[in-house]
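Here is what each chain is made of, one letter per residue.
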Amino acid sequence: MDRRTFLKIAGAGGLSLAANCTSQPVQHLYSLVQAPEDQVTGKATWYASTCRECPAGCGILAKNREARIIKLEGNPQHPINRGALCMRGQAALQGVYNPDRLKNPVMRTEQGWRPLTFAQAEALIRSRIEKAAAARQGRLRLLTEVCGDTLLTLMTEALARWNSPPPVVFEPFAYESLRAANRHIFGLEGLPSYHLDQADVLVSFGADFLETWLSPVEYARKLKKMHGFDRVGKGLFYQVSPYQSLTCANADVWLRCRPGTELDIALAILREALRSSKGMELSRKVRATMENISAPYERDRVCELAGVPTELFDNMLFNLLKAKRPLVLGTGAGGTAGSHGMQINMAANLLNLLFDPYLTLFDFINRHRVEVAAKRSSVNAFFAELASGSVELLFLHQVNPLFTLPSSKELSGLFRTGSLFVVSFSNFLDDTSQQADLVVPVAMPLETWDEYSGKSDLVSTLQPVMGKVTDAPHVGDLLLRTAFGPERPLPNYKAYLFASLSSREKVNTHNDWLRCLQRGGLFESSREIARPFTASPSRDFGSLFPPFSVREDAGPFLYAVPSIRFFDGRDANKPWLCEVPDPLTKVAWQTPVVVNPKTLKQEKLTQGDVVRIESEWGALEAPVYSSVSVHPDVLLMAIGQGHKSFGRYAAGKGVNPIFLLPRDAEPDSAAPQFTVPLTALTATGRTMRLAHTDGSAFQHGRKIALSATIHAVSQQGEQQVTGLGMWEFPLTLPLPEGYNNKARDLYPSHEHNGYRWAMVVDLDRCIGCAACAVACYAENNIGIVGEQQLIAGREMAWLQVQRYRDPVQPEKVSFLPMLCQHCDNAPCESVCPVFAPHHSKEGLNNQIYNRCIGTRFCSQDCPYKVRRFNWFTWQWPPPLNLQLNPDVTVRSKGVMEKCSFCVQRIKEAHNRAKNEGRAIRDGEVQPACVQTCPTGVFTFGNLMDPNSEVSRKAKDKRAYQVMGYLNTKPAVIYLKKVVQEI
């Protein structure tokens, strides 16, 4: 065979192979011939709305491209979140595009689910209503999530026309203990907001305000205003609890106490504060009651009982007593061991009253909206009424009680009785809808008009930010038609909403309405400056405290706590949240039970062993995860997974610890119990590989996540660092001045054209919430690999928040966001045989996808391990593909990818600046991680501009580069975490 014949055969074979290798169908590009008036093809349009992923009610901006939403960001004008957004808010659009979302109503039959049209479903509902309302009063009931005043009023009016009582507002985390404590101590049964940012010492008895408690984005910002280093010092933060939440991991001191002893510690502080003459402004009767209830709680006795070192207790007490503006918070939604959640919150309120009689760090005007939720005892009474057979028709609006309430088997049997017809207004066949008789999908918050105010003194609006994915109506329109018929007062819910706001004098004209929608709400308060609040403690509040007693060990306690990713389980069907690991365990897609290493050793268990956990009310099996973040008497599990149905991303994933909890509420506060004693903990003999993304929890002496004391960073003068060793290597900026060809460099510096993009990451402000990681997924079309591929180490996250523990004090945690460092001496660039990693004229380490041949040499040479290889062509089942950002290339199998500093946003800023004949302004470019961070960890800008914020921070005494001694000259510069000397 001659050479020419060989080349012909080889070429033909290669073409035939290439033609059959692709599994992608032929796709066509179409452009809009007639675009909507407020949109320009190829240009984003932004709409203001309100996030409804939890009751906090943050403001959002929705980015619309060609009539579809591709990204959600925080609304900078909204007073609650001020432009930031948590991971659940970022993932809200995956609810709209979820491939398992119902497109039409479905009705249960003996043969299974039968699809209906919306008209048929509405006619069926109307006939059922007429039958139930004609029988006698109270035959219809409605259980709803927390919603805005307008919709709640309409529900009440509709039920009144049907001769039925008002709706019951159900939230799994309704803060009953805190509300009851506020009633007994302050004389107000509500949920005031807190001025965390104005405190100088903060003590929390378990409130997880950085994760799920009340308003986490708001309180994260306020915490870092109080607790962030300001070149002089920072506030003090103490956490008292038997387990370490993410909030606790950010505290200066964790007082790890025995389960159920938080009340003892709080009353011991109260006793010592009274002995120090605090609260002399209070009435004699109130002080006398305080002295009476706290007298038995002597310091040494309590510290021994709680297992807390006396020196830590004394340090906390000393700083509380000398503080000018101390603030004490009570328990989290997960409660405490035993039944003393209300008493702990009462003790926290008494401490606040003692240290600050005028309660200046409380805002009793801007109270949290979730206070309208019914108590758990009322919810239980609601279901007891259903069991009595007095109700014929039950409406469920966006609630999942069969998952979020204990004793779901009993409730499931209740739903299947022939006398009760259940209609679920839900977009998914979740655990509860699966047992309903009729499931009617309704418009999602991003698709409709509404209002929801997370605080009582503002109005926050919702508007359709995109066209509907389905024909589902708003539940308000459905209620107007079924309750009022042709006699309805207004034609639709939008008109009803406008009339409601007008009657409350919130909007008066059409222009007011447009301005309200444009901003996302009305945020200027019309009230006068609030006067100091005067507390009115109840006369018998002292009798509500139990007598002091030395309690016997009751065995291990299970703590079921809210999840920062899934909240109460409502977000478990969003793949971004499943893929991003828990901030502390770094486990994704699974629900491990977190156990102390001492307990594991005692039970002869190792990490990954599957155990059977039993309580008086139920049993479940789960893999164990070893961690010092829990007391030896505590087993910790996150709520959110364990759905029997809820779509492909939630069904069968993890377990639900709620099934181990009692159904009855606490008698004092009417609150649910999220902590129970366990009756058995036994090994099953099976093991499970955990889908965790971390390696070692320790740095092993490497220069990665560094910290410094306040004394060290406050010293005058610059610290001169020279040498080539790990700790002597100087900060080498990715600029010509960072090169030294005589001492450490072989190659000349790069020439940059006007810009050298860089990022500064302040570790003192990072709380580990991973909102940045989910924002990166959303912005850059990152693929979801799933549980098994993640176990194989094939995660695709461009940005990961690494968690490290101190080897001497493992309870000390540091978080470090790790992304491509965009090195000036990038090792990846020199080893690629096809030059796919490319150094741009503005300093970016670009990745040219259509040049990459998948050798993975670059990943092997990258010391930061931030490059991701596509082992497969990751799938976005329709309509999930509609979330993809059209400005970012979707990568395919065999291609390497990594962080690009959101180069598409840099290009957009370039075009805008070019059209306006100017340079890009400092701060004009905000990558997705920078934009969403609640605490302002990231700063991005031009390092060649000496006046830019990133240049100024790069000169900070705390500045360093991760493993900078490798001389890669990273463009990501970190600021050391500032630790308190306690």
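The rules behind each value
- Residues numbered from 1 in each chain as written.
- Predicted model: local features only at pLDDT ≥ 70, side-chain atom pairs only at ≥ 80, totals over all residues.
- Heavy atoms only, no water.
- Helix = DSSP H or I, 4+ residues; strand = E, 2+ residues; numbered from the N terminus.
- Expected span 1.5 Å × (residues − 1).
- Buried < 20%, exposed > 50% of the residue type's maximum accessible area, 1.4 Å probe, protein only.
- Contact = heavy atoms within 4.5 Å.
- Core = buried A, V, L, I, M, F, W, Y, C linked by side-chain atoms within 4.5 Å.
- Phe/Tyr/Trp six-rings, centres within 6.5 Å; stacked < 30°, edge-to-face > 60°.
- Pairing = 2+ DSSP bridges.
- Axes fitted to C-alpha atoms, helices over the stretch in contact; angles between N-to-C directions.
- Parallel < 35°, antiparallel > 145°, perpendicular 65-115°, else oblique.
- Left-handed = near helix turned anticlockwise from the far one by under 90°.
- Nonpolar A, V, L, I, M, F, W, Y, C, P; charged D, E, K, R; others polar.

**Points about helix 9 (residues 262-275)**
Alright, step 1. A rise of 1.5 Å per residue sets the reference length of helix 9, with its 14 residues, at 20 Å; its end C-alpha atoms lie 20 Å apart and thus fit the reference within 8%.
Alright, step 2. A large share of helix 9 lies buried, amounting to 13 of its 14 residues.
Alright, step 3. Phi turns positive, to about 70°, at Ser277, one or two residues after helix 9.

**Let's talk about helix 5 (residues 149-161)**
Alright, step 1. The terminal C-alpha atoms of helix 5, which comprises 13 residues, lie 18 Å apart, in line with the 18 Å expected from a rise of 1.5 Å per residue.
Alright, step 2. On its buried side, helix 5 packs onto strand 6 (140-144), strand 7 (168-169), strand 14 (393-397), strand 17 (450-451), helix 17 (475-484) and helix 18 (493-503).
Alright, step 3. Asn163 sits one or two positions beyond helix 5 and adopts a positive phi of about 60°.

**Focus: the nonpolar core**
Alright, step 1. Core analysis: the largest hydrophobic core is formed by 260 residues, its most contacted members being Phe209 and Ile265.
Alright, step 2. Broken down by element, this core gets its largest block of residues, 10 residues, from helix 13 (residues 341-355).
Alright, step 3. Dropping the residues within four chain positions of it, Phe209 is found in contact with Leu196, Leu202, Ser215, Pro216, Tyr219, Leu223, Phe237, Thr247 and Leu329.
Alright, step 4. With 23 residues, the next largest nonpolar core counts Leu102, Ala374, Leu386 and Val439 among its residues.

**Here we look at unusual backbone geometry**
Alright, step 1. The linkage connecting Pro878 with the following residue, Pro879, adopts the cis geometry, with an omega of 0°.
Alright, step 2. Within the secondary structure, Pro879 sits in the loop between strand 33 (868-869) and strand 34 (896-897).
Alright, step 3. Not every positive phi belongs to a glycine, and Tyr175 is a case in point at roughly 60°.
Alright, step 4. Structurally, Tyr175 is set in the loop between strand 7 and helix 6 (176-186).

**Description of the packing of aromatic side chains**
Alright, step 1. For the structure on display, the rule yields 26 aromatic pairs.
Alright, step 2. Seen from their ring centres, Phe395 and Phe425 are 5.6 Å apart, and the 20° between their planes marks the pair as stacked. Residue Phe395 is located in strand 14, and its partner Phe425 is located in strand 15 (residues 421-425); the two are separated by 30 residues in the primary sequence. Neither Phe395 nor Phe425 differs from the other in exposure class; each is buried.
Alright, step 3. Summarising the aromatic geometry, the rings of Phe901 and Phe940 are spaced 5.0 Å apart at their centres and angled 75° between planes, so their arrangement reads as edge-to-face.

**Observations concerning the pairing of strand 24 (residues 634-638)**
Alright, step 1. The element strand 24 is extensively covered by neighbouring structure, given that four of its five residues are classed as buried.
Alright, step 2. Looking at chain direction, strand 20 (residues 557-561) and strand 24 are connected through five bridges and run parallel. By the bridge assignment, Tyr559 is partnered in strand 24 with Leu636.
Alright, step 3. When strand 21 (residues 593-595) meets strand 24, the two strands line up antiparallel, connected through two bridges. Paired with Val595 across the bridge in strand 24 is Leu635.

**What to know about the sheet that holds strand 1 (residues 45-50)**
Alright, step 1. An order of 1-2-3 is seen for the three strands of this open sheet, with the pairing classed as antiparallel. Edge strands, defined here as strands with exactly one partner in the open sheet, are strand 1 and strand 3 (68-74). Geometrically, the sheet is characterised by an average inter-axis angle of 30° between neighbouring strands, direction not taken into account.
Alright, step 2. Here six bridges tie strand 1 to strand 2 (residues 59-65), and the two strands are oriented antiparallel to one another. If you follow Ser49 over to strand 2, its bridge partner there is Ile60.

**Topic: the packing of helix 9 against helix 11 (residues 299-306)**
Alright, step 1. One can describe the packing of helix 9 onto helix 11 by two numbers: an axis separation of 10 Å at closest approach and a directional angle of 165°. Here helix 9 is positioned roughly antiparallel relative to helix 11, judged by the angle of their axes. As helix 9 packs across helix 11, the resulting crossing turns out to be left-handed. For the pair formed by helix 9 and helix 11, the contact residues are Asp264, Ile265, Ala268, Arg271 and Glu272 on the first element and Arg299, Val302, Leu305 and Ala306 on the second.
Alright, step 2. For the contact of helix 9 with helix 11, the class distribution of residues is five nonpolar, no polar and four charged.

Purely geometric stuff here, so don't read any function into it on its own.
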